[in-house]
Amino acid sequence: MANVTLSKRALARLITFALAIIITLSVIAVQNHGRAVNAERAVENSYMHAVEELSLNLDNIKNDLRKGMYTNSISMLSDLSGKLVSDAATAKNSLARLPVDELDLSETYRFLSQVGNYSKSLAEKCAEGGGLTADERENIAKLHAYAEELSANMWKIEQRIENGEITLSDVAYAAAGLDADEPVTVTSGFTDFAVNDNNYPTLIYDGPYSDHIMEKSPLMLRNEKPVDRNEAARLAKKLAVGEDLTLLTEEEGKMPSYVFGSNDRTIAVTKAGGMYSYMLGSRAVGKPEITAKEAMTKARAYLAALGIRNITDSYYEIRNGICVINFAAEQNGVTMYTDLIKVGVALDNGEVLSFDMRGYLTNHTIRELPPPKISAEYAMTLVSGSLTPHSGKLCVIPSSGQNEIFCYEVRCTGIDGENILVYLNAETGREEQILILKIGSSGVLTV
């Protein structure tokens, strides 16, 4: 065989070519790995979203069935059945997206398929002149018990995922074509999800308040003169004594505002009228030293200093050392739940760390309320026989559209001693809304 001698130039070309191949293969490998990792992450995010969505909808179904146990009107039953149909369909879709095919969840799927249809059939029956029988009310109670157990089991699954007992990334690795260290499926976490069907009823049938109130033009800003940036800065400075503020941005939309900020505070002032829209503080809160009741007093005094009076506190929630209180306007003893202000008070020293007046600015006005055509005593007789009414007061609540309803708020006790609020139209007696009042160490809230 003849000897082949490479020139220096040819050798350099060969080395360069080899390096190019190595670099190209390396880039391809990195790209492929990146695509696989991205695919794995996308699958994991999809699973987690399905878990959260399923949990939320089961909670909604549980609460709406509880309200259904106490409804005494056709229209309310119809509204609840519509929500149940929608939430059940979404829950089924979420469950179908999870890798639990080998489990027998037939009872769970049957429940999700029938819960909306059953309530819908009852609403249609009542619309034709019938009423709910004792057996039908018992069925709704059984459906609620089933939903409550499903919701509790789903909460346990979420906790196990957060604690790392169920690893969604392992399932995502397999779905993305990668090798997991210890192949595990989500199935192991869902083995207790299906509820024993002994409590599932045999069904025979024919077939505090929405964000929408923020979507309309603010009533309090109509016909108000515009303020310039300097005047808005002067107003913001009143809430940030001793702090240097800078203009962060100018918000547009339904409530155009100047937004100023310091190291730990953000303040928005409306361009029309120069009214405070919201304020957010961000300092760390220490050990609680005052009670929720004391926080409410401080919040009320703070609002009074801003010129806001004729308000009543309704509900509150304590989170991370801050008590957030909901205030509603009052007019001649009538509570306006549409005219809402939220104030956050630090429980370590009583400082007001935040407020949100956008609901108040949007809806507050002097109403011409008609005299109620029914009395509070009569309204209390209109609630379901499953409830024990205690008191009734006049209020205004938002409707499902951008309207308002003049109502009696009737506070009741339910079957298991829970607090229920029933809202009855003050002119017609129509049942407009039912809320469950949750009272605990973390606050007083409605669902």
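Residues numbered from 1 in each chain as written. Predicted model: local features only at pLDDT ≥ 70, side-chain atom pairs only at ≥ 80, totals over all residues. Heavy atoms only, no water.

1. With respect to the overall build of the protein chain
- A count of helical and extended segments in the protein chain gives 9 helices and 13 strands.
- In the protein chain, which comprises 447 residues, the share counted as buried stands at 44%.
- Accessible area for the protein chain stands at about 23400 Å²; split by element, carbon and sulfur atoms hold 51% of it. (Helix = DSSP H or I, 4+ residues; strand = E, 2+ residues; numbered from the N terminus. Buried < 20%, exposed > 50% of the residue type's maximum accessible area, 1.4 Å probe, protein only. Areas by Shrake-Rupley, 256 points an atom, 1.4 Å probe, with all protein chains shown as cover.)

2. A closer look at empty space enclosed by the protein
- A volume near 70 Å³ is recorded for the largest cavity.
- Elements with a contribution of two residues or more to the lining of the largest cavity: α1 (8-70), α2 (74-96), α3 (106-127) and α4 (134-162).
- Split by residue class, the lining of the largest cavity holds 9 nonpolar, 3 polar and 1 charged. (1 Å grid on protein atoms, 1.4 Å probe; cavity = no way out; pocket = protein on both sides within 12 Å on 5 of 7 lines; lining within 4 Å. Points joined across faces, edges and corners; volume = space filled by probe spheres on them. Nonpolar A, V, L, I, M, F, W, Y, C, P; charged D, E, K, R; others polar.)

3. Observations concerning the packing of aromatic side chains
- Summed over the entire model, instances satisfying the criterion amount to 4 aromatic pairs.
- When the ring of Tyr-276 is compared with that of Phe-355, the centres are 6.5 Å apart and the planes differ by 70°; the resulting orientation is edge-to-face. Of the two residues, Tyr-276 sits in strand β4 (residues 276-281) while Phe-355 sits in strand β8 (residues 352-356), which places them 79 residues apart along the sequence.
- Overall, the relative accessible area of 13% leaves Tyr-276 in the buried class.
- Between Tyr-302 and Phe-355, the ring centres sit 6.1 Å apart and the planes meet at 45°, which makes this aromatic pair tilted. On the criterion of sequence distance, the pair formed by Tyr-302 in helix α7 (residues 292-305) and Phe-355 in strand β8 is long-range, its members being 53 residues apart. (Phe/Tyr/Trp six-rings, centres within 6.5 Å; stacked < 30°, edge-to-face > 60°.)

4. Regarding the nonpolar core
- Formed by 72 residues in total, the largest nonpolar core has its most connected members in Ile-325, Val-343 and Tyr-423.
- Other than its neighbours up to four places away in sequence, Val-343 contacts Ala-299, Leu-303, Cys-323, Val-324, Ile-325, Phe-327, Val-352, Ser-354 and Phe-355.
- By size, the runner-up hydrophobic cluster in this structure holds 30 residues, among which are Leu-65, Leu-112, Leu-150 and Ile-157. (Core = buried A, V, L, I, M, F, W, Y, C linked by side-chain atoms within 4.5 Å. Contact = heavy atoms within 4.5 Å.)

5. Side note on the confidence of the model for the protein chain
- Chain-level pLDDT for the protein chain is 77 on average; 75% of the residues reach the 70-or-more range.
- Highest mean pLDDT in the protein chain belongs to helix α9 (residues 376-381) (95); lowest belongs to helix α5 (residues 168-175) (46).
- Here residues 1-6 is modelled with pLDDT under 50, and outside its nearest four sequence neighbours on either side it reaches 2 contacts, counting other chains as well.
- The low-confidence segment residues 171-186, where pLDDT is below 50, has 28 contacts with residues more than four positions distant or belonging to other chains. (pLDDT = per-residue confidence, 0-100.)

6. Points about the pairing of strand β7 (residues 334-346)
- With respect to burial, β7 is a largely interior element, 12 of its 13 residues being buried.
- Bridge count for strand β6 (residues 322-331) against β7 is 10 bridges, and the pairing is antiparallel. Opposite Ile-325, over in β7, you have Val-343 as the bridge partner.
- Here β6 folds back onto β7, and the loop between the two strands holds 2 residues, one of which, Asn-332, carries a positive phi near 55°.
- Relative to strand β9 (residues 388-398), β7 is paired through 2 bridges, and the arrangement is parallel. Within β9, the position partnered with Met-336 by the bridge is Val-396.
- As judged from the 4 bridges shared by β7 and β8, these two strands associate in the antiparallel manner. Each residue of the ladder has a partner; that of Val-345, found in β8, is Val-352. (Pairing = 2+ DSSP bridges.)

7. Let's talk about the state of the cysteines
- Evaluated as defined, the whole model comprises 0 disulfides.
- Left unpaired, Cys-395 is separated from the closest cysteine sulfur, that of Cys-407, by 5.5 Å. (Disulfide = S-S within 2.5 Å.)

8. Things to note about the side chain of Arg-66
- Considering the arrangement of structural elements, one finds Arg-66 in helix α1.
- A relative accessible area of 8% places Arg-66 in the buried class.
- Within the structure, Arg-66 has its side chain in polar contact with the side chain of Asp-416 (distance 2.8 Å).
- Ignoring any residue separated from it by four or fewer positions in sequence, one finds Arg-66 in contact with His-144, Asp-416, Glu-418 and Ile-436. (Polar contact = N/O pair within 3.5 Å; in protein donor to acceptor, adjacent residues only side chain to side chain.)

9. Concerning unusual backbone geometry
- Although it is not a glycine, Asn-223 adopts a positive phi angle of roughly 65°.
- By the secondary structure assignment, Asn-223 is in the loop between α5 and α6 (229-239).
- Residue classification places Asn-223 among the exposed positions, given a relative accessible area of 80%.

10. A look at the pairing of β4
- Here 5 bridges tie strand β3 (residues 265-270) to β4, and the two strands are oriented antiparallel to one another. Bridging across to β4, Ala-268 finds its partner in Tyr-278.
- Between β3 and β4, which pair antiparallel in sequence order, lie 5 residues; one of them, Gly-273, sits at a positive phi of approximately 85°.
- Relative to β8, β4 is paired through 3 bridges, and the arrangement is antiparallel.

11. Regarding the pattern of salt bridges
- All chains considered together, the criterion is met by 17 salt bridges.
- Glu-250 is the salt-bridge partner of Lys-271, the closest N and O atoms lying 2.8 Å from each other. Here Glu-250 lies in strand β1 (residues 246-251) and Lys-271 lies in the loop between β3 and β4, a separation of 21 residues in the sequence.
- Residue classification places Lys-271 among the buried positions, given a relative accessible area of 15%.
- With a relative accessible area of 31%, Glu-250 lands in the partly exposed category.
- The salt bridge involving Glu-432 is made with Arg-430; its shortest N-O contact spans 2.5 Å.
- One connected set of salt bridges, linked through shared partners, spans Arg-229, Glu-250, Glu-252 and Lys-271. (Salt bridge = Lys/Arg side-chain N within 4 Å of Asp/Glu carboxyl O.)

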